[in-house]
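Structural features, examined
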Amino acid sequence: PSVASADAAAEARFHVVLARRHYAARRFEDAAREFMIEQRLAPNPNIVFNIGLCFQQLRRHADAYMYFAEYLASDDPDPERRRTAERALAQLRPRVALVDVRSTPPGLEVYVDRRELGQYGVTPRVLALSAGEHRIWIEGEGYRMAETTSTWSSAPSSGSSCPPSRSSAGWW
């Protein structure tokens with residue numbers, strides 16, 4: 001007998017319906033969760049934009065900033081969404097600490113505070129963080145981990161250079 005399985009598009013449609021219901025009911029955490037599931041199933045810039053809207057409503061400024069910035073880096077041509085995202089970034093900017101993380105060579109993995117929360121992309125990368133103390137580190141194959149712990153404010157953009165060094169054991 002054959003086993004029935006739902007396709008990713010059907011699952012994504014299910015989750016977007018739930019997300020929109022939650023958003024309309026002002027249950028923004030639930031909406032964000034459903035949009036995130038949809039994004040994993042069927043990635044597209046519109047969903048990233050919607051997640052940014054949810055975080056903006058939740059006043060999770062750093063998360064909203066990151067999602068709107070990711071949306072604006074996409075190729076979505078919708079002028080209204082793009083203007084909304086640009087306005088949101090301008091409003092959020094004074095509320096977040098922007099940290100420019102670079103490395104030589106570029107392409108090293110970026111982590112913030114706890115590894116189990118996952119990678120924040122690769123260098124070079126501008127992070128939007130809540131004001132306060134954060135541990136930022138970068139690592140990559142063949143390089144020793146480089147890290148910094150600093151207290152970041154929502155003042156003008158801060159830079160962080162974590163120069164990695166080659167592992168004495170070569171490539172690991």
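The rules we used
Residues numbered from 1 in each chain as written. Predicted model: local features only at pLDDT ≥ 70, side-chain atom pairs only at ≥ 80, totals over all residues. Heavy atoms only, no water. Pairing = 2+ DSSP bridges. Helix = DSSP H or I, 4+ residues; strand = E, 2+ residues; numbered from the N terminus. Axes fitted to C-alpha atoms, helices over the stretch in contact; angles between N-to-C directions. Salt bridge = Lys/Arg side-chain N within 4 Å of Asp/Glu carboxyl O. pLDDT = per-residue confidence, 0-100. Contact = heavy atoms within 4.5 Å.

It is worth spelling out the sheet that holds strand E5 (residues 143-152) at this point. Taken in spatial order, the 3 strands line up as E2-E4-E5 in an open sheet, and their pairing is antiparallel. Bordering the open sheet on either side are strand E2 (109-112) and E5, each of which pairs with just one other strand. Strand-to-strand twist in this sheet, taken as the mean axis angle between neighbours without regard to direction, amounts to 20 degrees. Across 4 bridges, E2 lies against strand E4 (residues 132-140) in antiparallel orientation. Within the sheet, the bridge partner assigned to valine 110 lies in E4 and is isoleucine 138.

As a further point, take the pattern of salt bridges. One pass over the full model with this rule turns up 9 salt bridges. Aspartate 30 is paired through a salt bridge with arginine 33; the nearest N and O atoms lie 2.4 Å apart. Within this pair, aspartate 30 and its partner arginine 33 are both found in helix H2 (residues 28-41), separated by 3 residues, close to a single helical turn. Taking the shortest distance from any N to any O, the salt bridge between arginine 81 and aspartate 78 comes out at 3.9 Å.

What follows is about the confidence of the model for the chain. Per-residue pLDDT for the chain has a mean of 89; in total, 86% of the residues score no lower than 70. Overall, residues 167-172 carries pLDDT values under 50, and its contacts beyond four positions in sequence, including any with other chains, amount to 15 contacts.

The next thing to look at is the pairing of E5. As paired strands, E4 and E5 are joined by 8 bridges and run antiparallel to one another. Its bridge partner lying in E5, histidine 134 is registered against serine 150. Where E4 hands over to E5, the hairpin turn is made up of 2 residues, of which glycine 142 adopts a positive phi near 90 degrees.

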